[in-house]
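An overview of the molecular structure
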Amino acid sequence: MSIETKNAVEACSTCAYWKSTNDSTGSCRRQPPQAIRFEVDQEVQFETRFPSTSADDWCGEFRAS
């Protein structure tokens, strides 16, 4: 199997760790959410988020759903 074929089969959209938000994007739930620091009206705030990915993205930690 070529890398292109393998990546198409092992894409985020078919991974057990991926949660879809619409047809083409979602979030990876493989690791805990990451803390994000940002400022609003000169006040520092924190939020946690899972990494956003495209349905056709892939990584080395794929697990079939």
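What counts, and at which threshold
Residues numbered from 1 in each chain as written. Predicted model: local features only at pLDDT ≥ 70, side-chain atom pairs only at ≥ 80, totals over all residues. Heavy atoms only, no water. Helix = DSSP H or I, 4+ residues; strand = E, 2+ residues; numbered from the N terminus. Contact = heavy atoms within 4.5 Å. Areas by Shrake-Rupley, 256 points an atom, 1.4 Å probe, with all protein chains shown as cover. Pairing = 2+ DSSP bridges. Buried < 20%, exposed > 50% of the residue type's maximum accessible area, 1.4 Å probe, protein only. Phe/Tyr/Trp six-rings, centres within 6.5 Å; stacked < 30°, edge-to-face > 60°. Lys NZ or Arg CZ within 6 Å of the ring centre and 35° of its normal. Axes fitted to C-alpha atoms, helices over the stretch in contact; angles between N-to-C directions. Salt bridge = Lys/Arg side-chain N within 4 Å of Asp/Glu carboxyl O.

1. A short note on the overall build of the protein chain
Of regular secondary structure, the protein chain possesses one helix and five strands. The order of helices and strands in the protein chain, counted from the N terminus, is α-β-β-β-β-β. Counting only contacts in the protein chain whose residues sit at least 6 apart along the sequence, the fraction spanning at least 24 positions is 54%. In the structure as shown, the protein chain presents an accessible area of about 5200 Å², 49% of it carried by carbon and sulfur atoms.

2. Examining the pairing of strand β4 (residues 43-49)
As defined by bridge partners, strand β3 (residues 34-40) adjoins β4 across seven bridges and the pair is classed as antiparallel. By the bridge assignment, A35 is partnered in β4 with T48. Where β3 hands over to β4, the hairpin turn is made up of two residues, of which D41 adopts a positive phi near 50°.

3. Re the environment of T48
Topologically, T48 is positioned in strand β4. In this structure T48 comes out as exposed when scored by relative accessible area, which is 53%. Beyond its immediate stretch of four places on either side in the chain, T48 contacts P33, Q34 and A35.

4. With respect to the packing of aromatic side chains
Think of a pair of aromatic rings as described by two things: how far the centres are apart, and how the planes are tilted against each other in angle. Scanning all chains against the criterion turns up zero aromatic pairs. The ring centre of Y17 lies 5.2 Å from the NZ or CZ of R30, which sits over that ring.

5. Focus: the sheet that holds strand β2 (residues 25-28)
Read across the open sheet, the three strands follow the order β1-β2-β5; overall the sheet is antiparallel. Each edge of the open sheet is held by one strand with a lone partner, namely β1 (18-20) and β5 (52-54). Taking each pair of neighbouring strands and ignoring which way they run, the sheet shows an average axis angle of 40°. In this sheet, β5 lies alongside β2 in antiparallel orientation, the contact comprising three bridges.

6. Quick notes on the pattern of salt bridges
Counting across every chain of the model gives two salt bridges. Where R30 meets E61, a salt bridge forms, and the shortest distance between an N and an O atom there is 2.7 Å. Remark: E61 occurs in the segment after β5 and R30 occurs in the loop between β2 and β3; sequence separation between them is 31 residues.

7. Some points on the environment of S24
Considering the arrangement of structural elements, one finds S24 in the loop between β1 and β2. In this structure, the C-alpha to C-alpha distance between S24 and C12, residues 12 residues apart in sequence, is 10.0 Å.

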